[in-house]
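Listed below, chain by chain, are the residues.
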Amino acid sequence: MQETRLVFTGIVEEVGTIAAVEPAGNGVIFTLHASRVLDGMGLGDSVSIEGACLTVTSIIEGGFTVQAIGTTLERTTFGGFRVGQRVNLERALAFGARLGGHLVAGHVDGVGEVTRIAPREELTLIDFTLPEEVIGVTVLHGSITLNGISLTVNDLPAPGICQVSIIPYTWDHTSIGDLREGTAVNVEGDMIGKFVRNLLGAPGRTSVPGELQADAAAIRQAWGYA
């Protein structure tokens, strides 16, 4: 992932298409066809592609390019991208813009796998495995990012398994309808949860104010860090 302090919302602006995949050293240059996200886009801008933040390296007629380095290919689903594949796109959050989803860093924590897709009348339930880095910050009715989409944790049906509920609008306006059982997915855990975990659970982290010691101890125990 590139180093950035920009954030996203997890509200997909557009579904783009991979137009070209070109090897570049230990990484890959991707050309993407898009339209809406091109509005105001400039060289060096950050864009979320399937939940991973990348830098725009060129702008072409009807699209743009990004370069994914070897680390990105190892930690995301990008290594499996193919020409014609549909991908979720979102520009970085502009100051003053409405935050419709939740704060998303665009730094994929790991790759999960879809284990079940179950249509339920007006919605679709999707179960997927959680990367180890995300398990400790995933809570019932909390936020999670799946392929760049801000979603609510609907259930935690088994250890290491997360379930989300997809409404028809999300199904129709993102790439999530392309998922199948066994498909790999990019997962980013809740940003606030990760900060809290680091503060209360990181090894050697003892600088909690005295008046908060009892609360901190209770949270550590609830989160399994006691």
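Bear in mind that the values here come from a model prediction, so they are computed numbers and not experimental data.

Among the nonpolar cores identified, the biggest contains 20 residues, and Phe30, Leu32, Ile49, Phe64, Val66, Phe78 and Leu89 are the most heavily contacted of them. Mapped onto this core, the elements with two or more residues apiece are β2 (27–33), β3 (46–49), β4 (52–60), β5 (63–68) and β6 (86–91). Leu32 has contacts with Thr17, Ile18, Ala19, Ile49, Gly62, Gly63, Phe64, Val66, Val87 and Leu89, leaving out every residue within four places of it along the chain. Counting residues in hydrophobic clusters, the runner-up holds 19 residues, among them Ile149, Val153, Ile166 and Leu179.

A word on the pattern of salt bridges. By the definition in use, this model includes four salt bridges. Across the salt bridge formed by Arg86 and Asp178, the nearest N and O atoms sit 2.9 Å from each other. Highlighted residues: Arg86 in strand β6 and Asp178 in the loop between α3 (168–173) and β12 (184–188), separated in sequence by 92 residues. The salt bridge partner of Asp109 is Lys194, with a shortest N-O separation of 2.9 Å. With Asp109 in the loop between β6 and β7 (110–120) and Lys194 in helix α4 (residues 191–201), this residue pair connects regions lying 85 residues apart in the sequence.

So, on to the confidence of the model for the protein. On average, residues of the protein score 86 in pLDDT, and 83% of them are at 70 or above. In this model, residues 1–5 is a region of pLDDT below 50 whose contacts with residues beyond four sequence positions or in other chains number 16 contacts. Note on residues 203–209: pLDDT is under 50 here. Beyond four places in sequence and across chains, it has eight contacts.

Turning to the layout of surface pockets, a few remarks are in order. When its volume is computed, the largest pocket comes out at roughly 560 Å³. Lining of the largest pocket is provided by 23 residues; of these, Gly10, Ile11, Val12, Glu13 and Tyr169 occupy positions nearest its centre. When residues of the lining of the largest pocket are traced back to their parent elements, those giving at least two are β6, β10 (149–158), β11 (161–166) and α3. Per-element accounting of the lining of the largest pocket gives the leading share, four residues, to β10. For the lining of the largest pocket, a count of residues per class yields eleven nonpolar, eight polar and four charged.

What counts as what
- Residues numbered from 1 in each chain as written.
- Predicted model: local features only at pLDDT ≥ 70, side-chain atom pairs only at ≥ 80, totals over all residues.
- Heavy atoms only, no water.
- Core = buried A, V, L, I, M, F, W, Y, C linked by side-chain atoms within 4.5 Å.
- Buried < 20%, exposed > 50% of the residue type's maximum accessible area, 1.4 Å probe, protein only.
- Helix = DSSP H or I, 4+ residues; strand = E, 2+ residues; numbered from the N terminus.
- Contact = heavy atoms within 4.5 Å.
- Salt bridge = Lys/Arg side-chain N within 4 Å of Asp/Glu carboxyl O.
- pLDDT = per-residue confidence, 0-100.
- 1 Å grid on protein atoms, 1.4 Å probe; cavity = no way out; pocket = protein on both sides within 12 Å on 5 of 7 lines; lining within 4 Å.
- Points joined across faces, edges and corners; volume = space filled by probe spheres on them.
- Nonpolar A, V, L, I, M, F, W, Y, C, P; charged D, E, K, R; others polar.

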